[in-house]
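Here are the chains, one letter per residue:
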Amino acid sequence: MTDKPSALPLVVLGVSVAIVSTAAIMIRTAQHEAVPSLAIAFWRLAIAGSLLACWVGSNAGLRGEVRQLTRQTWRLTIASGFFLALHFASWISSLAFTSVASSTALVTTNPIWIALISWLLFKERVGGWLAIGIAAAMFGSFCIFMSDAMTAGASHAQPNPMLGNLLALIGSLTVCGYLLIGRRLAGTISIWLYVGLVFVFAALFLGLFSMIAGTKLVGFTDLGWLCLAGLALGPQLLGHSGINWSLKHLTPAMVALAILAEPIGSALLAWWLFGEQFALLQLVGFAMLLMGIFLALKAQR
């Protein structure tokens, strides 16, 4: 008689996705507190990266691994940090212009772009399910853009939804660099060392972007700082750490399916807290987008 699998990984995965779903809400709240989008991105990565760097520094095994990294690994890790910095800079900025629902739905399309990049650059085969998934996601994105175009300027909370949606798509595209480099380095560097280094490099790039743009990084309200700390400790560290841990105990397909609940949870929280409404065409777009992402993940599992 075999033992039943533990329910703990499912609980951890569910809680982690719920924590990650709060990211857009904390970002929107920080923006309402006059915290610039670049500053939000910087502090989210700086706090999380500093904590991970302290952990790496206290771990003898990871310290030894750092000394053994090749120049190629360092170059790829720095490039990954650059892509991650662009991802957070563009996606967080998108939330100042469009709805939480549209932004979070569009920024999760990275499986579609990874599939296309893998086909174009690495000649990986595009199967039937993947082709259907890409088509569904493209149609869903089109519906969201059309729906937001018809309501542009109708809300102070969404002053330029078309720009916001475009920034969310840029955020989805740029995070592919981070994910593809991580896939390239898998097996040559431990996941936590890779993530810690990338967070630090991404924070450095975001600090540079902030200096160039003249963005202030201090002088915020208590609620603003609370949101920044919450973003780093909650979605960035606890949420993603829990998802990574659950991958060791659950199938990738199950984890990928659970992650699709993130934009749904964010949209429901925005509806409850900010009164954001959904148009019919927008809902059709969300459904098609999520179906497309699921099919793309199914094809790549």
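Just above sits the structure.
The rules behind the values
Residues numbered from 1 in each chain as written. Predicted model: local features only at pLDDT ≥ 70, side-chain atom pairs only at ≥ 80, totals over all residues. Heavy atoms only, no water. Helix = DSSP H or I, 4+ residues; strand = E, 2+ residues; numbered from the N terminus. Rg over C-alpha atoms; globule rule 2.2 N^0.38 Å. Buried < 20%, exposed > 50% of the residue type's maximum accessible area, 1.4 Å probe, protein only. Contact = heavy atoms within 4.5 Å. Phe/Tyr/Trp six-rings, centres within 6.5 Å; stacked < 30°, edge-to-face > 60°. Core = buried A, V, L, I, M, F, W, Y, C linked by side-chain atoms within 4.5 Å.

**Quick look at the overall build of the protein**
Then, in step 1: Helix and strand counts for the protein come out as 14 helices and zero strands.
Then, in step 2: Along the protein, helices (α) and strands (β) appear in the sequence α-α-α-α-α-α-α-α-α-α-α-α-α-α when read from the amino end.
Then, in step 3: Taking 19 Å as the expected radius of gyration for a compact globule of 301 residues, we find that the protein reaches 19 Å, a close match to that expectation.
Then, in step 4: Expressed as lengths along the three principal axes of its C-alpha atoms, the size of the protein is roughly 55 × 55 × 45 Å.
Then, in step 5: Burial statistics for the protein: of 301 residues in total, 49% are counted as buried.
Then, in step 6: Looking at the protein alone, contacts between residues at least 24 apart form 86% of all its contacts between residues at least 6 apart.

**As for the packing of aromatic side chains**
Then, in step 1: All told, the structure shown has nine aromatic pairs when counted by the stated rule.
Then, in step 2: Ring geometry for Phe 42 versus Trp 43: centroids 5.0 Å apart, planes at 75°, classification edge-to-face.
Then, in step 3: Ring centres of Trp 74 and Phe 201 lie 6.2 Å apart, and the angle between their planes is 80°; this geometry places the pair in the edge-to-face category. With Trp 74 in helix H5 (residues 71–94) and Phe 201 in helix H10 (residues 191–213), the pair connects residues that are 127 residues apart, well separated along the chain.
Then, in step 4: In textbook terms, an aromatic cluster arises when at least three aromatic residues are bridged by ring pairs, as seen for Phe 42, Trp 43, Phe 220 and Trp 225.

**Section: the side chain of Ser 210**
Then, in step 1: Relative to the helices and strands, Ser 210 is located in helix H10.
Then, in step 2: Since its relative accessible area comes to 1%, Ser 210 is described here as buried.
Then, in step 3: Excluding residues within four positions of it along the chain, Ser 210 makes contact with Leu 38, Thr 215 and Leu 217.

**Some remarks on helix H2 (residues 23–32)**
Then, in step 1: Among the ten residues of H2, eight are classified as buried, and the element is accordingly described as predominantly covered.
Then, in step 2: Residues Ala 23, Ala 24, Ile 25, Met 26, Ile 27, Arg 28, Ala 30 and Gln 31 constitute the buried set of H2.

**Let's talk about the nonpolar core**
Then, in step 1: Counting 75 residues, the largest nonpolar core has Ile 40, Leu 45, Leu 84, Trp 91, Tyr 194 and Leu 206 as the members making the most contacts within it.
Then, in step 2: By residue number, the principal contributor to this core is H10, which donates eleven residues.
Then, in step 3: Setting aside anything within four residues of it in sequence, one finds Leu 45 in contact with Leu 84, Phe 88, Phe 199, Ala 202, Ala 203, Leu 206 and Gln 236.
Then, in step 4: If you look at the next biggest cluster of nonpolar residues, it comprises six residues, including Leu 13, Val 17, Leu 250 and Val 255.

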